[in-house]
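# Geometric and topological summary
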Amino acid sequence: MKIVFSRKGFDSSAGRAPSPIINGRPISLPIPTQRRSNTTYEDLGLGHIVEATTKKRIAGSSLCHHDPMFENTRCAFGQTAASQAHLENNGVGVGDVFLFFGLFSDLDGRDRHHRLFGFMFVENVIKLGSRPSADDQPIGFSRRHPHTIGDWNANNTLYIGEGQVTHSAHDDLRLSQRPGPVGHWKVPNWLSETGLTYHRRKERWGTPGTLSVAARGQEFVCDIGNRTDAGVWLNHTLTTLCGYQIKVADHHG
């Protein structure tokens with residue numbers, strides 16, 4: 001099994017602000033866009049939140065890239081170009097899991113940090129290609145997925161499977177250490193043994209259980225195989241996220 005730490009939502013460049021934590025709940029704001037979308041923040045019930053977060057720099061009526069898309073315990077996530085090539089080159093597919101993380105803070109912008117906010121188990125991989133159509137829209141989702149709209153790279157791909165977002169800003173879902181910079185993560189010890197793509201240099205792995213995370217890159221992949229310690233960590237993480245548990249061997253590709 002492979003775990004993909006997948007960076008999504010607002011950050012210092014896309015949206016130019018952290019996503020907010022409101023009443024103890026992380027709200028991952030989709031990045032703004034001007035094309036390949038027919039979904040606004042208001043459509044998602046996020047209009048007032050994005051305006052408050054950006055001090056009205058981004059209007060609630062603005063289009064957003066609604067991806068990953070969660071609905072009724074299902075998730076649809078699109079990827080393309082170099083990031084999709086990276087997933088393909090590392091053999092990510094059916095039976096693997098995406099752990100989605102992003103940059104968050106309190107609504108007033110204090111305590112900026114990375115944290116996990118959702119997951120997806122890959123059940124199906126659809127090669128959409130460069131010119132998808134409405135016929136490619138995944139079943140069970142009420143809004144059109146952006147990777148089925150407009151022209152894309154030839155490797156435009158959609159991942160579909162069981163998935164949910166968390167309703168809790170639990171400290172165990174926080175990746176950034178306290179105190180310290182956003183990119184200084186606390187990580188399980190097994191991760192330094194399995195390795196993580198984009199993090200080959202030894203100097204990124206400091207004292208045991210720490211990682212200086214790459215500032216660039218969307219998809220960081222590790223292959224946990226059937227490791228018991230990694231399976232225990234994943235089950236704890238999924239339980240904390242959404243009360244979900246698995247047997248790693250059952251999902252091993």
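So, how was this worked out
- Residues numbered from 1 in each chain as written.
- Predicted model: local features only at pLDDT ≥ 70, side-chain atom pairs only at ≥ 80, totals over all residues.
- Heavy atoms only, no water.
- Helix = DSSP H or I, 4+ residues; strand = E, 2+ residues; numbered from the N terminus.
- Expected span 1.5 Å × (residues − 1).
- Buried < 20%, exposed > 50% of the residue type's maximum accessible area, 1.4 Å probe, protein only.
- Phe/Tyr/Trp six-rings, centres within 6.5 Å; stacked < 30°, edge-to-face > 60°.
- Salt bridge = Lys/Arg side-chain N within 4 Å of Asp/Glu carboxyl O.
- Contact = heavy atoms within 4.5 Å.
- Core = buried A, V, L, I, M, F, W, Y, C linked by side-chain atoms within 4.5 Å.
- Polar contact = N/O pair within 3.5 Å; in protein donor to acceptor, adjacent residues only side chain to side chain.
- Arc of directions from axis to C-beta.

## Digging into helix H4 (residues 228–242)
For H4, with 15 residues, the first-to-last C-alpha span of 21 Å sits near the 21 Å given by 1.5 Å per residue. Along H4, the residues that are buried comprise Ala-230, Gly-231, Trp-233, Leu-234, Asn-235, Thr-237, Leu-238, Thr-240 and Leu-241. Where H4 terminates, the next one or two residues include Gly-243, which has phi positive at roughly 70 degrees.

## Overview of the packing of aromatic side chains
All told, the structure shown has 15 aromatic pairs when counted by the stated rule. One aromatic cluster in this structure is built from Phe-5, Phe-101, Trp-185, Trp-190, Tyr-198, Phe-220 and Trp-233.

## Things to note about the pattern of salt bridges
Evaluation of the coordinates by the stated rule reveals 11 salt bridges. Asp-171 is the partner of Arg-178 in a salt bridge, and the nearest nitrogen-oxygen pair spans 2.6 Å. For the salt bridge of Arg-227 with Glu-193, the shortest nitrogen-to-oxygen distance reads 3.0 Å. A residue pair is termed long-range when its members are at least 10 positions apart, and Arg-227 in the loop between strand E12 (219–223) and H4 and Glu-193 in helix H3 (residues 189–194) qualify at 34 residues. Under the relative-accessibility criterion, Arg-227 is labelled partly exposed at 26%. When salt bridges with common partners are traced through the structure, they connect Asp-171, Arg-178 and Lys-186 into a single cluster.

## Quick look at the environment of Gly-60
Relative to the helices and strands, Gly-60 resides in the loop between helix H1 (47–53) and strand E4 (69–71). Classification of Gly-60 by relative accessible area gives buried; the value is 0%. Discounting chain neighbours no more than four positions away, the residues touching Gly-60 are Thr-40, Tyr-41, Glu-42, Gly-47, Val-50 and Glu-51.

## What to know about the nonpolar core
Of all hydrophobic cores here, the largest spans 29 residues; its most connected members are Ile-3, Phe-5 and Leu-99. For this core, the elements supplying multiple residues, two or more each, are strand E1 (2–7), strand E6 (97–106), strand E7 (113–121), H3, E12 and H4. The leading source of residues in this core is H4, at 5 residues. Excluding anything up to four places from it in sequence, Phe-5 contacts Leu-99, Phe-101, Leu-116, Trp-185, Leu-196, Gln-218, Glu-219, Phe-220, Cys-222 and Trp-233.

## Re the side chain of Gln-79
Tracing the backbone through its elements, the reader meets Gln-79 in strand E5 (residues 74–79). A relative accessible area of 5% means that Gln-79 is categorised as buried. Among the polar contacts listed, one links the side chain of Gln-79 to the side chain of Glu-219, at a separation of 2.6 Å.

## Quick notes on helix H2 (residues 81–89)
Residues of H2 that are buried include every one of Ser-83, Gln-84, His-86 and Leu-87, and no others. Across the axial projection of H2, the buried residues extend over an arc of 155 degrees, all falling on one side. Residues of H2 that are exposed and angled more than 90 degrees away from the buried face: Ala-82 and Asn-89. As for H2, its buried residues are in contact with E1, E5, E6, strand E8 (124–127), strand E9 (157–165) and E12. In the stretch just after H2, Gly-91 is the one whose phi turns positive, near 70 degrees.

## Details of unusual backbone geometry
Each neighbour pair has its own omega, and for Asp-67 with Pro-68 the value is 5 degrees, a cis peptide bond. Within the fold, Pro-68 resides in the loop between H1 and E4. With an omega of -20 degrees, the peptide bond between Arg-178 and Pro-179 qualifies as cis. The phi angle at Arg-16 is positive, at roughly 60 degrees, despite the residue not being glycine. One can find Arg-16 in the loop between E1 and strand E2 (19–22). Classification of Arg-16 as exposed rests on a relative accessible area of 56%. Although it is not a glycine, Lys-56 sits at a positive phi angle of roughly 70 degrees.

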